[in-house]
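Summary of structural features
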Amino acid sequence: MNLLEQNRIDEIYTRALDRGLARRRERLLQGLGNAFIDTLELSSIPADQLRFDLRDLNVRVRLIGDQLPLARWLRAAGDILAVSHPPDAAFFYGEADSLVIPAEPTITEVARDARDSLLKVRESAGDDWLPEALAAARNDLSGLLDRLFLLAVSKRFHDILHKFQMERLPSIQNQVTRDIVRDPQRRLGLGREVKALTAPIGDLRRSLEDLEGKPEHVEAQSWIDAFDDHRVTLETALAAGSYEGVANGLRNLRYMVKSSMSDLNLALGDASLLPIREVADSLREVAAQAPEPDDPNAARLRETATKLVELQKEIELLVRTHHAWQQYDDVLWQLEGNLIFDANSPEALANFEYFWGVVIKRLVRLAGEPAEAWFEEVSQHRKLFEENCPRPIVPPVAENARFAFSNFTWATRQQFLELDGRLDGRCKQLISIARPLSDLVKSP
């Protein structure tokens, strides 16, 4: 939505240009912050930069402090001219005072509006100038969009493994004890759990649809095949009544999931896989080819670019937090292995004691200052575990200590899972924009 009608923006532009404000950009944007200023379209020509800034600010409805960005700009213009040109200063102050702060859109609404704008562009893509402008940008945009789709696939893959880690793996781990080979009922129950792994394996295969025909598709399929091989190994060891076979199969399965989640997290955090700004810049370059500045399709492309950049900022913040949680979880995997598989080993328990301190330090940082609400519940689980597992830890580890540790890990991983859900939502919104854009770019 536009804060001011175009004729008012035109008058603001003309007055600002006449009074030399095109060369006062730094002062006009003061207080908006570098992160915000970096999202604005750039030009090497001061008059064009002035027009671009006003056009962008006219659609920005998120407050900075207690003001709209456009209101800050207008008041800064008034301050510059207050002594030398009082009538013009009064005009800019008046325009700032006339602005009505609209309801701030959710990031979901931002993504929806961008998608809808692109769909309208696609419907009218027969405009004389648009096919040629898109054709010139096709190679660059197609490559950038492919990287966005790779990001989305990486995120889906990670989420499926995370769900497996939270919902299925604990049940399997808790049943793998030496008694399993002597208890037919427990062996049968574990067998059902292992057979049910075909469900996440199917989910993983379906998550690769956007990679069809690409090298990454072959690599990911090979990983899934290896994961399925470990499932078969577990089934075979169970059928043979071999505890060592079952335990080794579970170790291998855990290692695959843990290392893959860590690798996928690094892929998510790689800035080269988040080329959202480059897509936005390409859209602005296409819009610049329009014969008229106010061409409706050019305006829609610029609006989409602006909304993509808004979405990028939130995704990058979530990715940074995701990376911190994944680093925490990597150590938690190790502690879990020490307590589940190697609880009779003094060396493994000494390793657990050392890294337990590392986990707690990382968890305190994740909780923030002041601590988020979830930290109180997690602290209770931690206290219960430490009461039931006094240091130094010596084998055998008490069952109630293992149970308390399991509750602690589940409670903290639940916070990671919730963050994963928020990031997944933003990635889906990003792809909901990328799909119509991809169709538009690839259309003849």
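For every chain, the first residue of the written sequence is number 1, and numbering continues from 1 along that sequence. At least 70 in pLDDT is required for a residue's local features to be given in this predicted model, at least 80 for side-chain atom pairs to be given and counted, and no such filter applies to totals for whole chains, interfaces and linings, which use all residues. As a convention, hydrogens and water are excluded, and side-chain values are obtained from all of the structure's heavy atoms.

1. Quick word on the packing of helix H8 (residues 130-167) against helix H18 (residues 399-442)
- Axis definition: a line fitted to C-alpha atoms, over the contacting stretch in the case of helices. Angles run 0 to 180 degrees between N-to-C directions. Numbering of helices and strands starts at the N terminus; helices are DSSP runs of H or I of at least 4 residues and strands are runs of E of at least 2. Following both chains from N to C, one finds H8 and H18 inclined at 155°, their axes separated by 9 Å at the closest point. By the criterion of interaxial angle, the relationship of H8 to H18 is roughly antiparallel. Viewed along their axes, H8 and H18 form a crossing whose handedness is left-handed. Reported orientations rely on four angle classes, namely roughly parallel under 35 degrees, roughly antiparallel over 145, roughly perpendicular from 65 to 115, and oblique for the rest. In this scheme the crossing of two helices becomes right-handed for a clockwise turn of the near helix relative to the far one and left-handed for an anticlockwise turn of less than a right angle.

2. Some thoughts on the pattern of salt bridges
- Note on definitions: salt bridges are taken to be side-chain nitrogens of Lys or Arg within 4 Å of carboxyl oxygens of Asp or Glu. Evaluation of the coordinates by the stated rule reveals 27 salt bridges.
- With a shortest N-O distance of 3.9 Å, Glu 41 and Arg 284 are connected by a salt bridge. Taken together, the positions of Glu 41 in the loop between helix H3 (34-37) and helix H4 (46-57) and Arg 284 in helix H14 (residues 276-287) put the pair 243 residues apart, joining distant regions of the chain.
- Partly exposed describes any residue whose relative accessible area lies between the buried limit of under 20% and the exposed limit of over 50%, with all areas from a 1.4 Å probe on protein chains only and scaled to the type maximum. Accessibility expressed as a relative area gives 9% for Glu 41, which makes it buried.
- Judged by its relative accessible area of 3%, Arg 284 is buried.
- Ionic pairing is found between Arg 402 and Glu 399, a salt bridge with its closest N-O pair at 3.9 Å.

3. Quick notes on unusual backbone geometry
- The linkage connecting Glu 369 with the following residue, Pro 370, adopts the cis geometry, with an omega of 0°.
- Note that Pro 370 resides in the loop between helix H16 (346-367) and helix H17 (374-388).
- Here the bond from Arg 391 into Pro 392 is cis, since omega is -5°, no more than 30 degrees from zero.
- With respect to the element layout, Pro 392 can be found in the loop between H17 and H18.

4. Examining H16
- Take the residue count of a helix, subtract one, and multiply by 1.5 Å to get its expected span. The terminal C-alpha atoms of H16, which comprises 22 residues, lie 31 Å apart, in line with the 32 Å expected from a rise of 1.5 Å per residue.
- Along H16, the residues that are buried comprise Ala 348, Leu 349, Phe 352, Trp 356, Val 359, Ile 360, Leu 363, Leu 366 and Ala 367.
- For H16, the secondary structure elements touched by its buried residues are helix H15 (296-340), H17 and H18.
- Gly 368 lies just past H16 and shows a positive phi near 80°. By definition, residues are in contact when any of their heavy atoms lie within 4.5 Å.

5. Things to note about the nonpolar core
- What makes a nonpolar core is a set of buried Ala, Val, Leu, Ile, Met, Phe, Trp, Tyr and Cys residues whose side-chain atoms join them at distances within 4.5 Å. The biggest cluster of nonpolar side chains holds 70 residues, and the ones touching the most others in it are Leu 301, Phe 385 and Phe 408.
- For this core, the secondary structure elements donating two or more residues are helix H7 (107-123), H8, H14, H15, H16, H17 and H18.
- Considering every element that reaches this core, the biggest residue donor is H18, with 16 residues.
- Look past the residues within four positions of Phe 385 in its chain and what remains in contact with it is Leu 339, Phe 352, Trp 356, Ala 401, Ala 404 and Phe 405.
- Core analysis: the next-biggest nonpolar cluster, separate from the first, contains 35 residues, Leu 234, Met 256, Leu 264 and Phe 341 among them.

6. Some details on the packing of aromatic side chains
- For Phe, Tyr and Trp, where Trp contributes only its six-membered ring, two rings pair if their centres lie within 6.5 Å, and the inter-plane angle classes them as stacked under 30 degrees, edge-to-face over 60, or tilted in between. Applying the stated criterion across every chain yields a total of 17 aromatic pairs.
- For the ring pair Trp 223 and Phe 227, a centre distance of 5.4 Å and an interplane angle of 20° mean the geometry is stacked. With Trp 223 and Phe 227 both in helix H12 (residues 215-240) and four residues apart, the pair spans about one turn of that helix.
- Owing to a relative accessible area of 18%, Trp 223 belongs among the buried residues under this scheme.

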